[in-house]
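# Report on the structure
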Amino acid sequence: VAAAMEPSRLMGFKAIKASTDDAIVLPAGYRSSILMSWGDPVLPGAPEFDHTGGNSAADQALQFGDNTDGMSLFHFRKADGSLDMDRAMLAVNNEYTNGEHMLQHGEVKTAEDVAKLQAAHGVTIVEVCRTSGNAWEYVKNSAYNRRLHANSEFMLTGPAAGHELMKTAADSSGTKVLGTINNCANGRTPWGTYLTCEENFNGYFGAPSDEAVPAQQKQYYGIKAAEDRYRWWQHDARFDVSQTPNEPNRFGWVVEIDPFDTASTPMKRTALGRVKHENADVLVNKDGHVVVYMGDDERGEHIYKFVSKNKYAEGQDAVNRSLLEDGTLFVAQFAGGDGKEHAGTGRWIELTFGKNGLTPENGFNSQAEVLIHTRQAAKQVEATTMDRPEWISHNPNNGQVFCTLTNNKNRGKKDDQPLNAANPRAENHYGQIIRWEAKDGDHTADTFDWDLYLLAGNPRVHEGSLYAGSDAINADNMFNSPDGLGFDSDGRLWILTDGDDSNAGDFAGMGNNQMLCGDPASGEIRRFMVGPVGAEVTGLTFSDDYKTMFVGIQHPTGGFPDYRDGGKPRSSIVMVTREDGGVIGA
Ligand code: FEO
Ligand code: CA
Ligand code: CA
Ligand code: CA
């Protein structure tokens with residue numbers, strides 16, 4: 001029986017039903033419109049999107065990339081220093097591509113095909129302007145617009161930059177990299193830069209034979225000789241590890257970008273570790289140190305924390321720009337509490353060369369090696385294996401930190417992933433959201449308390465078991481696979497899903513992927529939005545007045561957004577506004 005709950009004072013909208021329609025569904029009083037879709041022209045000379053798949057690689061490099069994901073909005077400042085509420089830069093990730101839609105012949109066959117896929121990856125940065133009410137448009141050909149893709153120039157910085165393992169025949173310095181790929185989620189810093197996080201970079205690398213794949217890459221990062229999804233390695237030697245074995249070491253980083261300076265070189269910040277990064281949640285601790293929480297999204301991987309060496313200096317953004325250069329990386333260990341269900345204590349274990357067994361006897365010869373081999377280091381210190389850590393977000397009102405653990409079919413099935421207090425369900429196909437509170441509210445502290453904010457589940461199919469989900473989950477708000485996550489300034493928690501949308505069996509009644517809103521104080525969860533057929537809902541940012549919500553619709557498979565005969569489904573950024581012009585969710 002669900003616990004009686006006080007009605008939420010944070011949420012003013014009426015929850016919507018699950019839906020399997022090929023449409024965006026919102027509560028009464030809300031409407032949606034499209035800001036930008038895959039292939040829309042961004043840079044001067046870009047042609048319009050060709051629904052037959054006929055755009056070339058060169059065209060795509062001037063257009064919005066594919067599969068929109070994490071994004072952040074940065075308002076311009078007026079001459080008097082105040083925020084310009086009508087003008088901003090939007091930085092958006094383009095995570096990956098779907099060859100069946102991208103290419104006329106449906107699969108990668110030529111170097112030109114690979115070049116097109118490469119051009120559709122990375123980051124798109126566009127100027128956006130408020131047009132009327134709370135609607136915005138992106139500005140075609142703005143001098144601020146920029147595309148970063150798999151062949152753009154990046155710099156490696158921090159302790160691992162220049163290490164032998166970072167050098168290639170084309171880059172003897174070990175500091176200059178071409179490209180950012182599989183840009184999943186994001187972060188933004190208080191000093192006005194954008195963070196884009198490289199996730200499943202392994203999928204772009206391959207080799208003619210298994211022996212050619214370096215053992216470390218194979219064991220910890222999943223690089224396989226027979227890679228067959230993107231086939232870049234077959235047409236671009238940089239992605240063939242038999243020819244360029246160190247190239248994968250130059251991916252899997254958090255990348256810092258100045259969204260206002262098209263001439264700036266984005267920086268891969270090696271101090272934050274090399275994993276399959278999901279997002280980077282940045283906060284300034286009460287003592288001024290900058291703390292970044294990060295998930296590594298793979299079954300049985302871990303949650304990380306970076307603490308900057310230097311302190312944030314208000315108003316000195318040029319100095320703040322080096323804060324992610326130098327600091328200490330930690331990985332989380334979660335323990336069960338004394339008799340408390342779904343709660344306990346945890347500690348952060350330092351990943352510093354020479355400490356905690358990160359020594360030459362165990363294969364680590366420098367801090368650079370600890371960072372390049374972050375996953376190996378986390379295993380060495382016995383970090384807790386988690387159910388795929390996706391987004392992390394802190395509540396701006398009380399500093400509590402939330403992380404989605406999306407699902408894990410291996411939990412309780414593989415020897416290295418036994419059930420544990422924080423990941424309590426075998427073959428977890430619904431996911432949970434874990435929450436922690438730093439000791440004394442100090443995010444640099446080594447210890448914390450945690451609990452499970454919610455367990456997703458299906459109370460209709462699994463009444464009376466853990467698979468029914470937490471008390472807050474009922475037949476009207478159930479969902480699976482929480483992934484995107486973000487607080488607004490009032491403390492509403494927005495939960496975006498990327499799960500099984502079959503609406504059948506264990507997932508009956510859940511419908512398409514969706515967005516829910518949580519009130520962490522009351523515990524109540526309401527369904528706010530449902531996405532179109534086949535899509536994942538991912539990527540979330542707001543205008544600074546919180547009256548326009550920007551949300552990403554990734555990999556739709558029906559007619560969305562153009563619904564045109566013979567047309568292609570296109571990943572798109574949607575704007576959600578209120579008919580009465582009010583704050584979203586309130
Ligand atoms: Fe790109 Fe883990 O989502
Ligand atoms: Ca995700
Ligand atoms: Ca996911
Ligand atoms: Ca995705």
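None of the values given here were measured: they were computed from a predicted structure.

Okay, the overall build of the protein next. Counting its secondary structure elements, the protein contains eight helices and 28 strands. The C-alpha atoms of the protein give a radius of gyration of 23 Å, which matches the 25 Å a tight globule of 586 residues would have. In the protein, which comprises 586 residues, the share counted as buried stands at 54%. At a minimum sequence separation of 6, the contacts of the protein that also span at least 24 residues come to 60%.

It is worth spelling out the sheet that holds strand E1 (residues 30–37) at this point. The four strands lie next to each other as E1-E28-E27-E26, forming an open sheet whose pairing is antiparallel. Each of the sheet's edge strands pairs with one partner strand only, and the pair in question is E1 and strand E26 (536–542). Each strand of the sheet is rotated relative to its neighbour by a mean of 30 degrees, with strand direction disregarded.

As a further point, take the sheet that holds strand E21 (residues 447–455). Pairing in this open sheet of nine strands is antiparallel, and the strands run E13-E14-E15-E16-E17-E21-E20-E19-E18 from one edge to the other. Lying at the two open borders of the sheet, with one neighbouring strand each, are strand E13 (277–284) and strand E18 (389–394). For this sheet the average axis-to-axis angle between neighbouring strands, irrespective of direction, equals 30 degrees. Bridge count between strand E14 (residues 289–296) and strand E15 (residues 303–311): six bridges; the pairing is antiparallel. Counterpart to Val292 in the pairing with E15 is Phe306.

Moving on to the confidence of the model for the protein. Considering every residue of the protein, the mean pLDDT works out to 97; 99% of them sit at 70 or more. Across the assembled chains, the prediction reports ipTM 0.97 with pTM 0.98.

Right, let's get into the environment of Pro556. Mapping Pro556 onto the fold places it in the loop between strand E27 (549–554) and strand E28 (572–578). The residues touching Pro556, leaving out its near neighbours within four places in the chain, are Pro532, Val533, Gly534, Ala535, Pro569 and Ser571.

For the rest of this paragraph, the subject is helix H3 (residues 111–120). The element H3 is largely enclosed, with a buried count of eight among its 10 residues. All buried positions along H3 are accounted for by Asp113, Val114, Ala115, Lys116, Leu117, Gln118, Ala119 and Ala120. Contact partners of the buried residues in H3: helix H1 (57–60), strand E3 (83–94), helix H2 (99–102) and helix H5 (232–235). A positive backbone phi angle near 105 degrees is found at Gly122, which sits one or two residues after H3.

Burial analysis of E26 places seven of its seven residues in the buried class, the great majority of the element. Examined bridge by bridge, E26 and E27 share five bridges and lie antiparallel to one another. Across the sheet, residue Glu536 finds its bridge partner in E27, namely Gln554. Connecting E26 to the next strand, E27, in antiparallel fashion are six residues, including Tyr546 with a positive phi near 60 degrees.

Next up on the list: the environment of Asp500. With respect to the element layout, Asp500 can be found in the loop between strand E23 (493–497) and strand E24 (514–518). Aside from chain neighbours lying at most four places away, what touches Asp500 is Asn480, Ser481 and Phe507.

This part is about unusual backbone geometry. Phe560 connects to Pro561 through a cis peptide bond whose omega is 5 degrees. Residues other than glycine seldom take positive phi values, yet Asn503 does so here, at roughly 60 degrees.

Turning our attention to the pairing of E24. With respect to burial, E24 is a largely interior element, five of its five residues being buried. The alternating pattern of E24 places Gln514, Leu516 and Gly518 and Met515 and Cys517 on opposite faces, both of which are buried. In terms of strand pairing, E24 meets strand E25 (residues 525–530) through five bridges, oriented antiparallel. In the strand pairing of E25, Cys517 is matched with Arg526. Where E24 folds back onto E25 in an antiparallel hairpin, the turn is made up of six residues, including Gly523, whose phi is positive at roughly 90 degrees.

A few words on the environment of Cys129. Within the secondary structure, Cys129 sits in strand E4 (residues 122–132). Counting along the chain gives 219 residues from Cys129 to Trp348, while the straight-line C-alpha distance between them is 43 Å. When near neighbours in sequence (up to four residues on either side) are disregarded, Cys129 contacts Asp86, Arg87, Trp136, Glu137 and Val139.

Rules used in this analysis
- In this convention, every chain numbers its residues from 1, walking through the sequence in written order.
- As a convention, the first chain written is A and the first ligand written is 1, with the rest following in written order.
- Selection of residues for local features in this predicted model requires a pLDDT of at least 70, selection of side-chain atom pairs for listing and counting requires 80 or more, and totals for whole chains, interfaces and linings are taken over all residues.
- Secondary structure follows DSSP: runs of H or I at least 4 residues long count as helices, runs of E at least 2 residues long count as strands, and numbering of each begins at the N terminus.
- Only C-alpha atoms enter the radius of gyration; for comparison, a globular chain is expected to reach 2.2 Å times N to the power 0.38, where N is the number of residues.
- Residues with at least 20 other C-beta atoms within 10 Å of their own are called buried, those with 12 or fewer are called exposed, and the rest are partly exposed. The C-beta atoms themselves are positioned from the backbone.
- Our contact criterion uses C-beta atoms placed from the backbone: two residues qualify when those atoms are within 7 Å.
- Any two strands between which DSSP finds at least two bridges are classified as paired.
- To obtain each axis, a line is fitted to C-alpha atoms, and for helices this fit is confined to the stretch in contact; angles are then taken between N-to-C directions over 0 to 180 degrees.
- One number per residue, pLDDT, summarises how confident the predictor is, and it ranges from 0 to 100.

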